[in-house]
Amino acid sequence: MRRYLMALALLLAACAPQATQAPEARPLLKETAFYPATTGLEWVYVPEGEALSSPPYRVRVEGPALYEGQEAVRFRSFGRGEDRVYYRQVGAFGVRLLGFQDPSARVVFTPPILEYPPEALLTAGYRWGGRVTVRVELLTPGGREPLAQGGLSYAMEVLEEREVRLPAGVFQVYRIRQVYQDERGQDAREVWFSPRVGEVRTREGRVLVEKNF
């Protein structure tokens, strides 16, 4: 039980590898928002250092939804056996993560984690963070069963703004250090965010190879 809480609370739980194919992202959509969240947007990634022909991971905006009674936007992440839906709120406040769900469990953050701050604050040297309660529920044919609950602290810092060259192109990015900590330890990752593009390097070390906007 505690193993599952730790993995989920750090947002790093992974499913068993399994090649998964999906329709190719097609360049059909337009997006101008600083934090892209329009229904239909899709990003395609491969793990850093792997061949571009490797089975990809995809993130797709599936549209409006309710999560724990709150309005949110569904972001589905899938590929290689992974299939998880993240519920976020995107607005003038930045980007909040309410929680996520996979076929076996549901995770809720109270209050939501602030993944990104207001647009005007995202600059080199800016820091933010907080502490949340993590509630994990097991999903069963009969409904939900409480699995675990605990506290989680997080701290974010914009390390620098720089240009990077990736398979999907050249991007101006903010390098952001993300640190999550609970009673069992600390986990630090790095994300590269490009305005009006999204994450071109994810916390899992996946780099952008294609997008459909």
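Residues numbered from 1 in each chain as written. Predicted model: local features only at pLDDT ≥ 70, side-chain atom pairs only at ≥ 80, totals over all residues. Heavy atoms only, no water.

Student: For this particular structure, what's the right way to read the nonpolar core?
Tutor: Side chains of a nonpolar character, in soluble globular proteins, are inclined to be buried together. Within the largest apolar cluster, 44 residues are counted, with the highest numbers of intra-cluster contacts made by Trp43, Phe109, Ile113, Leu122 and Ile176. Counting residues per element, this core draws most heavily on strand S8 (residues 143–166), at seven residues. With seven residues, the next largest nonpolar core counts Ala65, Tyr67, Ala72 and Val85 among its residues. (Core = buried A, V, L, I, M, F, W, Y, C linked by side-chain atoms within 4.5 Å. Buried < 20%, exposed > 50% of the residue type's maximum accessible area, 1.4 Å probe, protein only. Helix = DSSP H or I, 4+ residues; strand = E, 2+ residues; numbered from the N terminus.)

Student: Mind showing me how you'd approach the side chain of Asn212 here?
Tutor: Inspection of the secondary structure assignment puts Asn212 in the segment after strand S12 (206–211). Residue class for Asn212 comes out buried when judged on its relative accessible area of 7%.

Student: Please clarify how the pairing of strand S9 (residues 169–182) should be interpreted in this entry.
Tutor: It is a general feature of regular strands that their side chains alternate between the two faces of the sheet. Two elements, S8 and S9, share 13 bridges in a ladder whose sense is antiparallel. Across the sheet, residue Tyr154 finds its bridge partner in S9, namely Tyr180. Between the antiparallel neighbours S8 and S9 lie two residues. As paired elements, S9 and strand S10 (residues 185–194) share nine bridges and run antiparallel to each other. Along S10, the bridge assignment pairs Gln181 with Gln186. The antiparallel pairing of S9 with S10 creates a hairpin that spans two residues between the two strands. (Pairing = 2+ DSSP bridges.)

Student: Is there a simple way to think about the packing of aromatic side chains in this case?
Tutor: A complete count under the given rule lists 11 aromatic pairs for this structure. Their ring planes at 50° and their centres at 5.9 Å tell us that Phe34 and Phe193 sit as a pair that is tilted. Of the two residues, Phe34 sits in the loop between helix H1 (2–9) and strand S1 (42–47) while Phe193 sits in strand S10, which places them 159 residues apart along the sequence. Note on Tyr154 and Tyr180: the rings are 6.5 Å apart at their centroids and 35° apart in plane angle, and the pair reads as tilted. Here the residue Tyr154 occupies a position in strand S8, and Tyr180 occupies one in strand S9, the gap between them amounting to 26 residues. Relative accessible area serves as the criterion here: at 8%, Tyr154 is assigned to the buried category. Residue classification places Tyr180 among the buried positions, given a relative accessible area of 1%. (Phe/Tyr/Trp six-rings, centres within 6.5 Å; stacked < 30°, edge-to-face > 60°.)

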